[in-house]
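Listed below are the residues making up each chain.
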Amino acid sequence: MPMRRLSDLSIRHKLTLIIVMASMITLLAAGSAFLAHDVYYFRQSALQELRKSGQIIGTSLSATLLFNDQQAAAETLSALRLDPRMVMARVYSAAGKPVATYARPSWRNELKPEAVGVMGGYHHGDRLHLFQPVEMEGRRIGTLYLQTEMAPLSERMWHYQWIGAMVWIASTFIAFLLSLGLQRVISKPVLELARTAEQISVGRNYSVRVTRQGRDEIGRRWGRTPRAPASSSSR
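Residues numbered from 1 in each chain as written. Predicted model: local features only at pLDDT ≥ 70, side-chain atom pairs only at ≥ 80, totals over all residues. Heavy atoms only, no water.

Asks: What is the right way to read the nonpolar core from this model?
Replies: Judged by nonpolar contacts, the single largest core of 22 residues is most densely connected at Ile57, Leu61, Leu77, Leu80, Val91, Leu144 and Leu146. Contributing elements (two or more residues each) for this core: α1 (11–66), α2 (70–78), β1 (86–93), β2 (98–103), β4 (127–136) and β5 (139–149). By size, the runner-up hydrophobic cluster in this structure holds six residues, among which are Met88, Ala103, Phe131 and Tyr145. (Core = buried A, V, L, I, M, F, W, Y, C linked by side-chain atoms within 4.5 Å. Buried < 20%, exposed > 50% of the residue type's maximum accessible area, 1.4 Å probe, protein only. Helix = DSSP H or I, 4+ residues; strand = E, 2+ residues; numbered from the N terminus.)

Asks: Quick question: what am I supposed to make of the side chain of Thr143 here?
Replies: With respect to the secondary-structure elements, Thr143 resides in strand β5. Thr143 gets classed as buried once you look at its relative accessible area, which sits at 2%. Among the polar contacts made by the side chain of Thr143, one reaches the side chain of Arg140 at a distance of 2.6 Å. Once you skip the residues sitting within four places of it in the chain, Thr143 turns out to touch Arg90, Val91, Tyr92, Ser93, Val116, Met119, Phe131, Gln132, Pro133 and Val134. (Polar contact = N/O pair within 3.5 Å; in protein donor to acceptor, adjacent residues only side chain to side chain. Contact = heavy atoms within 4.5 Å.)

Asks: Where do I start with the pairing of β1 in this structure?
Replies: Along any regular strand the residues' side chains alternate between the sheet's two faces. With eight of its eight residues buried, β1 lies for the most part within the structure. Relative to β2, β1 is paired through five bridges, and the arrangement is antiparallel. Directly across from Met88, in β2, lies its bridge partner Ala103. (Pairing = 2+ DSSP bridges.)

Asks: Where do I start with a nonpolar patch on the surface in this structure?
Replies: A surface patch of nonpolar side chains, amounting to about 890 Å² of accessible area, comprises Leu27, Leu28, Trp158, Trp162, Ile163, Met166, Val167, Trp168 and Ile169. Elements represented by at least two residues in the nonpolar patch include exactly α1 and α3 (151–182). The element contributing the most residues to the nonpolar patch is α3, with seven residues. Mapped onto the secondary structure, Met166 falls in helix α3. Using a relative accessible area of 41% as the deciding quantity, one classes Met166 as partly exposed. (Patch = residues over 30% accessible without salt bridge, like charges linked within 9 Å, V, L, I, M, F, W, Y side chains within 5 Å. Areas by Shrake-Rupley, 256 points an atom, 1.4 Å probe, with all protein chains shown as cover. Salt bridge = Lys/Arg side-chain N within 4 Å of Asp/Glu carboxyl O.)

Asks: Before we go on, may I ask you to explain the sheet that holds β5 in this structure?
Replies: Pairing between sheet strands relies on hydrogen bonds along the backbone, with the strands arranged either parallel or antiparallel. Taken in spatial order, the five strands of this open sheet run β2-β1-β5-β4-β3, and their pairing is antiparallel. In the strand order of this sheet, the two ends are held by β2 and β3 (120–124), each with one partner. This sheet shows a mean twist of 15° between the axes of neighbouring strands, independent of strand direction. Across five bridges, β3 lies against β4 in antiparallel orientation. Pairing of Gly121 across the sheet is with Leu130, part of β4. (Axes fitted to C-alpha atoms, helices over the stretch in contact; angles between N-to-C directions.)

Here it is, written out as structure tokens:
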């Protein structure tokens, strides 16, 4: 059975649909804004944490770079295997040539970049990249490159999306229940006005009046205040 057009629905159904749709769109917009803010904050925190790790590793590498000790540099980078998020790391000399490299075994086919990039951190897909100078006594003696996974972000987003979907469904159901009662504030006087108009046009009953239920546009224009029945005096 084809869906009825919106214009063919009753006033009650129209009001209920409008209230529910407005609530759904508002919740969706608020949830999207919250998720975007959380992702941004999480990425910035992860980048800040990676910068701190880079400073610690750079301090450990300063002596090895000063004496161009490739074996010691490789041993220092090999300690990064204890971090499951670390994909690869590479240290370059002051001239920009690779000195030592660490790569997680499953990612050895992605050993890059070969050249030193722009200093700073950036996101690319589910990876976090960082180029950071290695300095000693204010003099740059090399560059450290780190690449980590953002797998926790994917898990975090999936978790928030699942919770958001459950909240969205529950809130929509609550909005539907509330709309069933709230829409009567508007639909009741309109429906009464429509019934009165039908009695006048079809039944030619010009004595009927619309009872005023408020002081809005309908009440001021068409309504009349109901009168209490006159009490009969005893003889």
